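Descriptive structure summary
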Amino acid sequence: MIRKIVEIDQEKCNGCGICVPACAEGAIRIENGKAVLAADNLCDGLGACLGECPLDAIRIIERDADEFDEAAVEAHLGQAGHESRHAGHQPVPLAVSGHGGCPGSRAMVIDRPAAESGRDVPRQESRLRQWPVQLHLVPTSAPYFRNADLLIAADCVPFAYADFHREFLDGRAVVVGCPKLDDNRFYTEKLTELIRANDLTSITVVRMEVPCCGGIVMAVRQALAASGKDIPLREVTVGINGELKEV
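Please read all numbers here as calculations on a predicted model, not as lab measurements. (Residues numbered from 1 in each chain as written. Predicted model: local features only at pLDDT ≥ 70, side-chain atom pairs only at ≥ 80, totals over all residues. Heavy atoms only, no water.)

Attention now goes to the pairing of strand β7 (residues 202–208). With respect to burial, β7 is a largely interior element, seven of its seven residues being buried. Pairing of strand β5 (residues 149–154) with β7 involves five bridges; the strand directions are parallel. Bridge pairing in β7 places L150 opposite I203. Note that β7 and strand β8 (residues 233–238) share six bridges and pair parallel. Bridge pairing links V206 to V236 in β8. (Buried < 20%, exposed > 50% of the residue type's maximum accessible area, 1.4 Å probe, protein only. Helix = DSSP H or I, 4+ residues; strand = E, 2+ residues; numbered from the N terminus. Pairing = 2+ DSSP bridges.)

Under the defined criterion, the tally for this structure stands at 11 salt bridges. Between R29 and E31 there is a salt bridge whose closest N-O contact spans 3.1 Å. One salt bridge connects D170 with R127, and the closest N-O pair in it is separated by 3.0 Å. Here R127 lies in the loop between α2 (70–86) and β5 and D170 lies in the loop between α4 (164–169) and β6 (173–177), a separation of 43 residues in the sequence. For R127, a relative accessible area of 25% puts it in the partly exposed group. Each of D163, R166 and E167 takes part in salt bridges that share partners, so that together they form one network. (Salt bridge = Lys/Arg side-chain N within 4 Å of Asp/Glu carboxyl O.)

Another point: the environment of C53. If you trace the backbone, C53 turns up in the loop between β3 (34–37) and β4 (58–64). Taking the relative accessible area as the measure of exposure, C53 reaches 18% and is therefore buried. C-alpha of C53 to C-alpha of C19: the two residues are 34 residues apart in sequence and 6.0 Å apart in space.

Now for the packing of aromatic side chains. By the definition in use, this model includes four aromatic pairs. Residues F164 and F168 carry aromatic rings whose centres are separated by 6.3 Å and whose planes lie at 40 degrees to one another, so their mutual orientation is tilted. Taken together, the residues span about one helical turn, with F164 and F168 both in helix α4 at a distance of four residues. Relative accessible area serves as the criterion here: at 1%, F168 is assigned to the buried category. Considering the side-chain rings of F186 and Y187, the 6.3 Å spacing of their centres and the 55 degrees angle between planes classify their relative orientation as tilted. For Y187, a relative accessible area of 1% puts it in the buried group. Among the aromatic side chains, those forming a connected cluster through ring pairs are Y161, F164 and F168. (Phe/Tyr/Trp six-rings, centres within 6.5 Å; stacked < 30°, edge-to-face > 60°.)

Distances and angles like these do not, on their own, reveal function.
Listed below in structure tokens is the structure:
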């Protein structure tokens, strides 16, 4: 039958997985690093996942597809619950269990030797010169943004990169956020307002290497373009192991 159904642009999709929990029917899963439909009959075509995609990779089209089947959805979610209980976990949709969820949420242990400590080891001083730092909370007209070098950092970066204060935070105004947990459209709007309201000298955005973190870079680029200003932009990626990957 011809009906409305979700289509995912594989060229745009970066596998962030943000759309996965947005689908109550469990119709979307991550496969080979990309979001895909698990089955046509699991998608109701209403598009609850559309507004969650930071890359605008999802749209609703009309095509020949199997009819939406509520019984199949219940069986699908029930099977996911069975599999997760068998693995010793609480029931969750198949789309977000095992290897089907966001690659950035995969649990791992990083084996490191304990850091040297003691009285002979110099204490590192904080380079933070403002408060607050969360993008949701900072006023765009705050005095510390005037003529500033702006640092935009993903929430996890200061934990993964040991020299964050010395190499990135020192001398900069900072805002932090998580594009996986927050509304990336809000980020774009807030950053656009911030850039327009202040004569920034430069912008540095530091993200983690996980795919979902790309949303914060996209928000910065869109905000800079919307502001109409020409400000030097530096993009840096931090690996989970703490290594830098300059873009």
